[in-house]
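Examination of the molecular architecture
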Amino acid sequence: MKPAEIRELSDDQLVEKLKECRAELFNLRFQMATSQLDNTARVKTVKKDIARILTEQRAREIAAEKTAAAK
């Protein structure tokens, strides 16, 4: 998922996407442990997606704090 796509999502959609990515990461790790995972690069991609989502959520929190402090 590209950063621009993540920025377009609403807060609720970000939370839902984060849940999906974490579930996918769990499944990928499980497959890796049982030697059923074919594409090991997918784990790295999902981890990066999770990090991007968390970064966007934190950026929105900071922006909200700045807005609240300015009032």
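Notes on the structure in this doc start here. (Residues numbered from 1 in each chain as written. Predicted model: local features only at pLDDT ≥ 70, side-chain atom pairs only at ≥ 80, totals over all residues. Heavy atoms only, no water.)

1. What about the overall build of the chain?
Note the following rule: A run of H or I in DSSP becomes a helix once it reaches four residues, and a run of E becomes a strand once it reaches two; helices and strands are each numbered from the N terminus. Here the globule rule reads 2.2 Å times residues to the power 0.38, and the radius of gyration is calculated from C-alpha atoms. Buried residues are those whose accessible area, probed at 1.4 Å on protein chains only, stays under 20% of the maximum for their type, while exposed residues exceed 50% and partly exposed ones sit between those limits. The Shrake-Rupley method, run with a 1.4 Å probe, gives the accessible areas here. Residue values count only the displayed protein chains as cover. Positive: Lys, Arg. Negative: Asp, Glu. His and the chain ends are not part of the count. For the purpose of locating charges, the reference atoms are NZ of Lys, CZ of Arg, CG of Asp and CD of Glu.
Scanning the chain from terminus to terminus reveals three helices and zero strands. Taking 2.2 N^0.38 as the reference for a compact globule, 71 residues should give roughly 11 Å; the C-alpha atoms of the chain span a radius of gyration of 15 Å, well beyond that estimate. Here the C-alpha coordinates of the chain stretch approximately 55 × 20 × 15 Å along the principal axes. Split into buried and exposed, the 71 residues of the chain put 20% on the buried side. Carbon and sulfur atoms make up 53% of the accessible area of the chain, which amounts to about 5,400 Å² in all. The positive charge centre, built from 15 side chains, and the negative charge centre, built from 12, are 6 Å apart in the chain.

2. Details of the side chain of E56
The line we're drawing: Contact definition: two residues touch when any of their heavy atoms are within 4.5 Å.
Note that E56 resides in helix α3 (residues 41-70). Apart from residues no more than four positions distant in its own chain, E56 is found in contact with I6, R7 and L14.

3. Here we look at unusual backbone geometry
Phi is positive for S35, which is not a glycine, with a value near 60 degrees. With respect to the helices and strands, the residue S35 is situated in the loop between α2 (11-33) and α3. Residue class for S35 comes out exposed when judged on its relative accessible area of 67%.

Function-wise, these values are silent; they only describe arrangement.
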